[in-house]
Amino acid sequence: MKKQTVEFAVNVKNGIVQEVGKSEILQPRTNFKGGHIKWFDDNKLLKSTCK
């Protein structure tokens, strides 16, 4: 997992930062190794307007 940490100010009093909060975002590793991707044909989903 790739971890990204973000720090942001939470509490400010009289222009002075009192507390700092942290947040983490976990991203799974990408396993695509190249090659061909079979795409779905959207034409099968479209409704015909002509009768």
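The shown structure was predicted, so the numbers you read here are calculated from the model rather than taken from an experiment.

Caption draft 1: Summary view of the environment of Ile25. One can find Ile25 in strand β2 (residues 16–27). Sequence-wise, Ile25 and Gln4 are 21 residues apart; in three dimensions their C-alpha atoms are separated by 5.2 Å. The residues contacting Ile25, other than those within four sequence positions of it, are Lys2, Lys3 and Gln4.

Caption draft 2: How the structure looks around the environment of Asn11. Here Asn11 is to be found in strand β1 (residues 2–13). In this structure, the C-alpha to C-alpha distance between Asn11 and Gly21, residues 10 residues apart in sequence, is 8.8 Å. In contact with Asn11, not counting residues within four places along its chain, are Ile16, Val17, Gln18 and Glu19. At 3.5 Å, the side chain of Asn11 forms a polar contact with the side chain of Glu19.

Definitions and limits used
Residues numbered from 1 in each chain as written. Predicted model: local features only at pLDDT ≥ 70, side-chain atom pairs only at ≥ 80, totals over all residues. Heavy atoms only, no water. Helix = DSSP H or I, 4+ residues; strand = E, 2+ residues; numbered from the N terminus. Contact = heavy atoms within 4.5 Å. Polar contact = N/O pair within 3.5 Å; in protein donor to acceptor, adjacent residues only side chain to side chain.

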